[in-house]
Amino acid sequence: MITDLTSEQWYVNLIDECKDIITETEFTSRWSLVEGYHSLGKRILVEYDNFQRLRMPDTDLIATVAIFLLVVWAQSLKVEVALSFGRIRGYAIKWPLSFFYSSVIPVIFTAALVANIQLFAGIIENAATPCISGLECTGISKFASYFTFLGRFVQGQPISGLAFWMGHTNLLQLIIKGGFLPLFLFQGLTHILFYMFFSTIFALFWVKTANMDAKSQAHNISASGLQVAGFRQDERIIESILDRYIMPLTIMGGLAIGLLAALTDLLGALVSGTAIL
């Protein structure tokens, strides 16, 4: 019976087809194994290349130390106005005016402004989601869609709009890892200009509102019985002399502190520009 079965043509064809299937399966499995080894080798080469790049010095720490030393040096810059007591001859003091005359307050205000804009941009994007997704666009969604120029976000990171151009990216790390694009350079320039401009505006605002302007300082000096050495004791004279230094220091200090904060963000220091200042 078995001999009769093996002699049948359909049985012979079935056995041949089964052998072909087994051979093809073995070949496919071996080829898949070869492809797997090839992919693994490519991955090892890529990871080794990334490891070699990461063996470079810790740029975050270097940037932090460099910015810190630069801030310490800039903080030591000051203009000293020689003053003397009108009733005590031969006794004089120096009234120091720091280069960062308005301190770090302008940068704090600027960072708060950026954070608020990004916050409102995220809220508006969520409200305008139906319009952005092509769904029914009515009511609050339609109103919010007019303000989507403030920015779009992916996983909390701005990718477009005003929030993106005000933001920053670690340019030094991108250059080292080979992911640098001209777009990030333009973003860095707008980030620097934004911080410098608004730091200067807030510096002027702070000096005027915190009684740090020339008129207020002249009143304080005059009330202390001091006068500018070589001039008679007159509050208007003191104000005119202080006005030569306070306003230029306010503007230059605001520009400089905004620049330092922006560069700290772009160089990827261990802390933000506002924190290190």
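Before going into details, it helps to say that this report is about the structure given with it. (Residues numbered from 1 in each chain as written. Predicted model: local features only at pLDDT ≥ 70, side-chain atom pairs only at ≥ 80, totals over all residues. Heavy atoms only, no water.)

**Some thoughts on the pattern of salt bridges**
- A complete count under the given rule lists two salt bridges for this structure.
- A salt bridge links Lys 94 to Glu 80; its shortest N-O distance comes to 3.6 Å. In this pair, Lys 94 sits in strand β2 (residues 92-98) while Glu 80 sits in strand β1 (residues 78-85), placing the two residues 14 residues apart along the sequence.
- By relative accessible area, Lys 94 is classed as exposed at 59%. (Salt bridge = Lys/Arg side-chain N within 4 Å of Asp/Glu carboxyl O. Helix = DSSP H or I, 4+ residues; strand = E, 2+ residues; numbered from the N terminus. Buried < 20%, exposed > 50% of the residue type's maximum accessible area, 1.4 Å probe, protein only.)

**Here's the deal with unusual backbone geometry**
- With a phi angle near 60 degrees, Ser 103 is a residue other than glycine that sits in the positive phi range.
- Take Ser 103: it is sitting in the loop between β2 and α4 (105-127).
- The phi torsion at Asn 211 lies on the positive side, around 55 degrees, for a residue other than glycine.
- If you trace the backbone, Asn 211 turns up in the loop between α9 (182-209) and α10 (214-223).
- Taking relative accessible area as the criterion, Asn 211 reaches 53% and is therefore assigned exposed.

**A closer look at the sheet that holds strand β5 (residues 226-228)**
- Pairing in this open sheet of three strands is antiparallel, and the strands run β2-β1-β5 from one edge to the other. Two strands lie at the open edges of the sheet, namely β2 and β5, each paired on one side alone. Each strand axis lies, on average, 45 degrees off the axis of its neighbour in the sheet, ignoring direction.
- Bridge analysis of β1 against β5 gives three bridges, and the strand direction is antiparallel. Following the sheet pairing, Phe 85 is matched in β5 by Leu 226.
- Along the sheet, helix α11 (residues 235-267) makes contact with β1, β2 and β5, crossing β2 at roughly 30 degrees. (Pairing = 2+ DSSP bridges. Axes fitted to C-alpha atoms, helices over the stretch in contact; angles between N-to-C directions. Contact = heavy atoms within 4.5 Å.)

**Digging into the packing of α9 against α11**
- Between α9 and α11, whose axes approach to 7 Å, the crossing angle comes to 145 degrees. For the crossing formed where α9 meets α11, the hand is right-handed.
- Looking at the contact of α9 with α11 residue by residue, the classes come out as 16 nonpolar, seven polar and two charged. (Left-handed = near helix turned anticlockwise from the far one by under 90°. Nonpolar A, V, L, I, M, F, W, Y, C, P; charged D, E, K, R; others polar.)

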